[in-house]
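Each chain is listed here by its residues.
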Amino acid sequence: MIHLFKTVDGRLQQLGAPEAGCWVSVYEPTPDEIQSLTGEYGLDPGFVRSCLDEEESSRIEMEGNQTLIIVDTAVESKEQNDTSQFYTVPLGIINTTDKVFTISLRRNPVLIALAEEKNAVLQTHLRTRFILQILMRISAGFVFYLKQIDKISYSMEKQLSSAMRNQEIVQLMGLEKSLVYFNTSLKADLVTIERIQRGRGLKLYEEDEDLMDDVGIEFRQAVEMAGIYSGILSAMMDAFSYVIANNQNSVMWRLTIVTVIMEIPNIIFAFYGINTDTLPLKSSWMYAVLLTAIATIVTALILLKKRKL
């Protein structure tokens, strides 16, 4: 899909045809749309292919009057077992002489939120500032999902004492994997941001310096948060393993005690089932039942007194 937007009279409006100073938002493009990007819009074919490569790493590259910026963005998905998983997908930003293109292989929450903004903050004709605003929202997306991961892990922590199911472990393993993705992507994005800060590939204007500094600060903060949460989650995974092992041992111990108590009637009745008259109190089956009940109760009371149950 190709959508055209431009800031008109302080509001972001959708266009029917491309104009100078507009933003071209592309996601899930068809082969015909890819051909249109390289033909009608004149984008570098290598840049377009890089934007649509899921394995593409974050970088900035220049070719003629076009600048390609690839950054990883955070995405959330719900799995079949009702657990949340987070991962990253690359987003390509191509800056030309009169337009800004954003190209993604799939629908991107950052672009969706950006297109829904109706305030005067976004100025698509100020291409450098507009790109910095996109980068700012990408960093905000990472921070938002990192906070979501922290909330989920806190919820898992409250279930720690009674954890016995695999679902908690699966959820924590998914969060730990998500943080690995976030850590790797954020560090790569930060390298790209630092290159932009040094004036490589994107012309920076004096009025955009504060925004550029804010973008760098946000990405560094996201990197620190991802590192902290990763450490916390690793410690929690270890704690979960110990708690589950202890809970399983406790359950097995209780089952063992119950088995011992239940064996007492079996042993006594087996003795009294022997075909001989030499056993004491053999004259009536009531004596065997009474002896079994007394032995079972005494054994249970002893174990209860020692807090073994």
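K.L.:
Provide a residue-level description of the sheet that holds strand β5 (residues 66-78), including the pertinent values.
P.N.:
The strand order β2-β1-β3-β7-β6-β5-β4 describes an open sheet built from seven strands, whose pairing is mixed. With partners counted over all chains shown, the strands left at the sheet margins are β2 (11-15) and β4 (59-63), one partner each. Neighbouring strand axes in the sheet, compared pairwise and without regard to direction, differ in orientation by 25° on average. As paired elements, strand β1 (residues 2-8) and β2 share five bridges and run antiparallel to each other. In the sheet register, T7 faces β2, and the bridge partner there is L12. Along the sheet face, helix α4 (residues 127-158) touches β3 (23-27), β5, β6 (84-95) and β7 (100-104) and points at about 175° away from the line of β6.

K.L.:
How would you sum up unusual backbone geometry? Please name residues and give values.
P.N.:
Phi at E28 is positive, roughly 45°, even though this residue is not glycine. Tracing the chain through its elements places E28 in the loop between β3 and α1 (31-39). For E28, a relative accessible area of 42% gives the class partly exposed.

K.L.:
Let's hear about the nonpolar core: which residues, and what values?
P.N.:
Of all hydrophobic cores here, the largest spans 53 residues; its most connected members are L135 and I138. Residue assignment for this core shows that the elements contributing at least two residues are β5, β6, α3 (109-115), α4, α5 (166-197) and α6 (209-272). Top element by residues in this core is α4. It accounts for 14 residues. Residue contacts for I138: discarding those within four places in its chain leaves V71, D72, T73, L91, V110 and F219. In this structure, V24, L52, I94 and F101 belong to the second largest nonpolar core, which totals 17 residues.

K.L.:
Can you break down α1 residue by residue, with the values?
P.N.:
Regarding α1, the residues found buried are E33, S36 and L37. Looking down the long axis of α1, one finds its buried residues gathered within 100° of arc, a one-sided arrangement. Seen from the open side of α1, the exposed residues pointing more than 90 degrees away from its buried face are P31, D32 and Q35. At its buried positions, α1 is contacted by β1, β3, α2 (45-51) and β7.

K.L.:
For the environment of S25, give the residues involved together with the corresponding values.
P.N.:
Here S25 lies in strand β3. Its relative accessible area of 4% is what places S25 among the buried residues. A C-alpha to C-alpha distance of 8.7 Å links S25 and A115, two positions 90 residues apart in sequence. If we ignore the near neighbours within four places in the chain, the residues touching S25 are M1, I2, H3, F5, T102 and L111.

K.L.:
Go over the environment of R200, please, and point to the residues and values.
P.N.:
Tracing the backbone through its elements, the reader meets R200 in the loop between α5 and α6. Owing to a relative accessible area of 43%, R200 belongs among the partly exposed residues under this scheme. Other than its neighbours up to four places away in sequence, R200 contacts I60 and R195.

K.L.:
I'd like a rundown of the pattern of salt bridges, residues and numbers included.
P.N.:
With the rule as written, the count across this model stands at seven salt bridges. Among the salt bridges present, the one from K6 reaches E19, with a minimum N-O distance of 3.3 Å. Placement of the pair is K6 in strand β1 and E19 in the loop between β2 and β3, with a sequence separation of 13 residues. Assessed through its relative accessible area of 19%, K6 is described here as buried. Taking the shortest distance from any N to any O, the salt bridge between R129 and D208 comes out at 2.9 Å. You can see R129 sitting in helix α4 and its partner D208 sitting in the loop between α5 and α6, a full 79 residues away along the chain. The partly exposed category is assigned to R129, whose relative accessible area is 25%.

K.L.:
Please set out a negative patch on the surface residue by residue, giving values where relevant.
P.N.:
A grouping of E206, E207, E209, D210, D213 and D214 is seen on the molecular surface, where their side chains present a negatively charged patch. Mapped onto the fold, D213 is located in helix α6. Residue D213 is classed as partly exposed on the basis of its relative accessible area of 41%.

About the criteria used
- Residues numbered from 1 in each chain as written.
- Predicted model: local features only at pLDDT ≥ 70, side-chain atom pairs only at ≥ 80, totals over all residues.
- Heavy atoms only, no water.
- Pairing = 2+ DSSP bridges.
- Helix = DSSP H or I, 4+ residues; strand = E, 2+ residues; numbered from the N terminus.
- Axes fitted to C-alpha atoms, helices over the stretch in contact; angles between N-to-C directions.
- Contact = heavy atoms within 4.5 Å.
- Buried < 20%, exposed > 50% of the residue type's maximum accessible area, 1.4 Å probe, protein only.
- Core = buried A, V, L, I, M, F, W, Y, C linked by side-chain atoms within 4.5 Å.
- Arc of directions from axis to C-beta.
- Salt bridge = Lys/Arg side-chain N within 4 Å of Asp/Glu carboxyl O.
- Patch = residues over 30% accessible without salt bridge, like charges linked within 9 Å, V, L, I, M, F, W, Y side chains within 5 Å.
- Areas by Shrake-Rupley, 256 points an atom, 1.4 Å probe, with all protein chains shown as cover.
- Lys, Arg positive; Asp, Glu negative; His and termini not counted.
- Charge placed at Lys NZ, Arg CZ, Asp CG, Glu CD.

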